[in-house]
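# Remarks on the overall topology
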Amino acid sequence: MLGGWKGGERMVKVKIPESHPRRESLLYRDKIVEGLDEGIVSKEGLIAHGRGEAFDYLLGEKTVEEALDAEKAGVAAMLLGRSSAISVNGNTAALAPEKLIELSELLDAPLEVNLFYKSEERVERIIAHLKKHGASRVLGRKGDAKLPIESERAKVDSDGIYRADVVLVALEDGDRTEALEKMGKSVVAIDLNPLSRTAQKAAISIIDELSRALDNMIDMARFMRDLSADELNSVLESYDNDRILKSTLEKIAKGLMMLGLESR
Ligand code: PTJ
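Attention in this report is confined to the structure presented alongside it. (Residues numbered from 1 in each chain as written. Predicted model: local features only at pLDDT ≥ 70, side-chain atom pairs only at ≥ 80, totals over all residues. Heavy atoms only, no water.)

## Overview of the packing of aromatic side chains
Applying the stated criterion across every chain, the model contains one aromatic pair. Cation over ring: K185 sits above Y162, and NZ or CZ is 5.6 Å from the ring centre. (Phe/Tyr/Trp six-rings, centres within 6.5 Å; stacked < 30°, edge-to-face > 60°. Lys NZ or Arg CZ within 6 Å of the ring centre and 35° of its normal.)

## Section: the site of the ligand
Taken together, 25 residues form the shell around the ligand, and within it G90, F116, Y117, R122 and D191 come nearest. Take R51: an N or O atom from its side chain is 3.0 Å from an oxygen atom of the ligand. One of the side-chain N or O atoms of E209 is found 3.0 Å from a nitrogen atom in the ligand. Contact with the protein chains removes 94% of the 750 Å² of surface that the ligand exposes when unbound. Every element with two or more residues in the shell around the ligand is listed here: α2 (43–58) and α4 (90–95). Ranked by residues supplied to the shell around the ligand, first place goes to α2 with six residues. Looking at side-chain class alone, the shell around the ligand contains eight nonpolar, eight polar and nine charged residues. (Near = heavy atom within 4 Å. Polar contact = N/O pair within 3.5 Å; in protein donor to acceptor, adjacent residues only side chain to side chain. Areas by Shrake-Rupley, 256 points an atom, 1.4 Å probe, with all protein chains shown as cover. Helix = DSSP H or I, 4+ residues; strand = E, 2+ residues; numbered from the N terminus. Nonpolar A, V, L, I, M, F, W, Y, C, P; charged D, E, K, R; others polar.)

## What about the pairing of strand β9 (residues 186–190)?
Most of β9 is tucked away, with four of its five residues classed as buried. Taken together, the five bridges between strand β8 (residues 166–170) and β9 define a ladder with parallel strand orientation. The residue of β9 that forms the bridge with V167 is V187. Note: β9 against strand β10 (residues 204–206), three bridges, orientation parallel. By the bridge assignment for β10, I190 is matched with I206. (Buried < 20%, exposed > 50% of the residue type's maximum accessible area, 1.4 Å probe, protein only. Pairing = 2+ DSSP bridges.)

## Notes on the nonpolar core
Within soluble globular proteins, side chains that are nonpolar tend to cluster in buried spots. Counting residues in each nonpolar core, the largest one holds 50 residues, and the members touching the most others are L103, L111 and I190. Top element by residues in this core is helix α9 (residues 210–224). It accounts for eight residues. In contact with I190, other than residues within four places in its own chain, are L168, V169, A170, L171, I206, D208, L210, A213, L214 and M217. Grouped together as the second largest cluster of nonpolar side chains are 15 residues, A85, A145, V167 and V187 included. (Core = buried A, V, L, I, M, F, W, Y, C linked by side-chain atoms within 4.5 Å. Contact = heavy atoms within 4.5 Å.)

Written as structure tokens, this is what we have:
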């Protein structure tokens, strides 16, 4: 079902046919709008989502091989880390609460709410939303440690993102990724835009749609949890983030050429 609007008010739910070729994408869009209605997503989050949709369209709205490699490396890094954390914002909480919780449990990495457009009220709403979906513990209230950045994102919890040596971030601006990397932490980023500062600065850049990326990482984590440290290290040693970014950009460029030819 999709949302409809009348005079600025959300009106009805419009049924989206099972056979619609872009059904998944429209359902994600609906989750973001619902998140806005519930005070979880910021207005700016709608714009950010639209940008993601555009990149996803160019990638064929599917997980590319390069993303699978990055997802595997991301899981390996989080399993090998002394301590990992998963950063949650409005968009990610609205799009995939259960998946975030499942990955957090599989990787023993706490969820921490950390917002760019921060308000205490939205932090509380997101924590309540995650708890409603089954999270037993969500960090992000304390803000008793500080990252070396100017934005509201600077305040983090000492027993979450601050302590972690591997941090999973998704759909965010690049400042914090850069700061976390400078602090010696390893950032695993999920971001459909391979040109974003987040993707460019992260140690492992997953160029994939959030829900698809989390589904893949959950499947991988179930299996990779039983691998030895040597086996996990060999996954990381054979991973080359620059090659992944370059190859994904080439894929997008080729996709654009094909779209151009098809539309003639
Ligand atoms: O909830 P807040 O206050 O923390 O704000 C969250 C947003 C997303 C508004 C904030 O972090 C922001 O402004 O992010 P940016 O700088 O717009 O970056 C978001 C990135 O995520 C862009 O590069 C998008 O292409 C990408 N993106 C959007 N939707 C998805 C996505 N990547 C993966 N999956 C998506 N569904």
